[in-house]
Amino acid sequence: MTDWYARPIFAVADVPVALAYYVDRLGFTCDWSFDEAGVTFVAQVSRAGCEIILGSQWPDRNGQSTLFVSLDLPVLEALRDELETRKVDIEAGWWGYDLMIVADPDGNRLYFPYPNAEVVEAS
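All values derive from a computational prediction rather than experimental measurement.

Caption draft 1: Structural detail: the overall build of the protein chain. Within the protein chain one finds two helices and eight strands. Shown N-terminal to C-terminal, the secondary structure of the protein chain runs as helices and strands in the order β-α-β-β-β-β-α-β-β-β. Its C-alpha atoms give the protein chain principal-axis dimensions of roughly 50 × 35 × 30 Å. A total of 123 residues make up the protein chain; the buried ones form 34% of that total. Carbon and sulfur atoms provide 53% of the accessible area of the protein chain, an area that totals close to 7700 Å². The positive charge centre, built from 8 side chains, and the negative charge centre, built from 20, are 4 Å apart in the protein chain.

Below, the structure is given as structure tokens:
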């Protein structure tokens, strides 16, 4: 394979709880999971080409990940409407431009920038 294939790993306290949030609230699909002795330790979710691995092996890292997801404005607006309908908490954010921010139950964050926003240069 010559092309890079990358997926972030989000550290979570409880994979089934995180899976339920990503699938039921954020509209992702569970692609696969790994269970041992009836306990799910790792799983992957995806939505429209965005893939995230959820793992519970690193409790000291829970909630410390951020994923930056760029969408065209009509798609972002439709996603926001969908998430609001699903009662997902949405934060307004700023990172040189406006962001829509969604945090999972552990505090991992998905940053959705508003496209074509003017970027303010640091002086």
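Picking up where we left off.
Caption draft 2: Main features of the pattern of salt bridges. Scanning the model with the defined rule gives four salt bridges in all. A salt bridge links Glu 82 to Arg 47; the shortest N-O distance between them is 2.6 Å. Here Glu 82 is found in helix α2 (residues 73–85), whereas its partner Arg 47 is found in strand β3 (residues 39–47), with 35 residues between them in sequence. Ionic pairing is found between Glu 82 and Arg 86, a salt bridge with its closest N-O pair at 3.3 Å.

Caption draft 3: A look at the packing of aromatic side chains. As enumerated under the stated definition, the model contains five aromatic pairs in all. Ring geometry for Tyr 22 against Phe 28: centres 5.5 Å apart, planes inclined by 85 degrees, an arrangement best described as edge-to-face. Summarising the burial analysis for this pair, Tyr 22 and Phe 28 share the class buried. By way of ring pairs, the aromatic residues Phe 68, Trp 95, Tyr 97 and Tyr 111 are connected into one cluster.

Caption draft 4: Quick look at the pairing of β3. Examined bridge by bridge, strand β2 (residues 29–36) and β3 share seven bridges and lie antiparallel to one another. Residue pairing in the sheet places Thr 29 in a bridge with Ser 46 of β3. The hairpin turn running from β2 into β3, its antiparallel successor, is two residues long, and Ala 37 in that turn takes a positive phi close to 55 degrees. Note that β3 and strand β4 (residues 50–55) share six bridges and pair antiparallel.

Caption draft 5: Fine view of the side chain of Ser 46. Looking at the secondary structure, you find Ser 46 in strand β3. At a separation of 2.8 Å, a polar atom in the side chain of Ser 46 contacts the side chain of Asp 31. Residues contacting Ser 46, with those up to four places away along its chain left out, are Phe 28, Thr 29, Asp 31 and Glu 51.

Caption draft 6: Local environment of the sheet that holds strand β7 (residues 98–103). An order of β5-β8-β7-β6 is seen for the four strands of this open sheet, with the pairing classed as mixed. On the outer flanks of this sheet lie β5 (66–68) and β6 (91–94), each paired with one strand and no other. Direction aside, the axes of adjacent strands within the sheet are offset by 30 degrees on average. Here four bridges tie β6 to β7, and the two strands are oriented antiparallel to one another. Across the sheet, Ala 92 pairs through a bridge with Met 100, a residue of β7. In the packing of α2 onto the sheet, the strands contacted are β7 and β8 (109–113), and the crossing angle to β7 comes to about 35 degrees.

Definitions and cut-offs
- Residues numbered from 1 in each chain as written.
- Predicted model: local features only at pLDDT ≥ 70, side-chain atom pairs only at ≥ 80, totals over all residues.
- Heavy atoms only, no water.
- Helix = DSSP H or I, 4+ residues; strand = E, 2+ residues; numbered from the N terminus.
- Buried < 20%, exposed > 50% of the residue type's maximum accessible area, 1.4 Å probe, protein only.
- Areas by Shrake-Rupley, 256 points an atom, 1.4 Å probe, with all protein chains shown as cover.
- Lys, Arg positive; Asp, Glu negative; His and termini not counted.
- Charge placed at Lys NZ, Arg CZ, Asp CG, Glu CD.
- Salt bridge = Lys/Arg side-chain N within 4 Å of Asp/Glu carboxyl O.
- Phe/Tyr/Trp six-rings, centres within 6.5 Å; stacked < 30°, edge-to-face > 60°.
- Pairing = 2+ DSSP bridges.
- Polar contact = N/O pair within 3.5 Å; in protein donor to acceptor, adjacent residues only side chain to side chain.
- Contact = heavy atoms within 4.5 Å.
- Axes fitted to C-alpha atoms, helices over the stretch in contact; angles between N-to-C directions.

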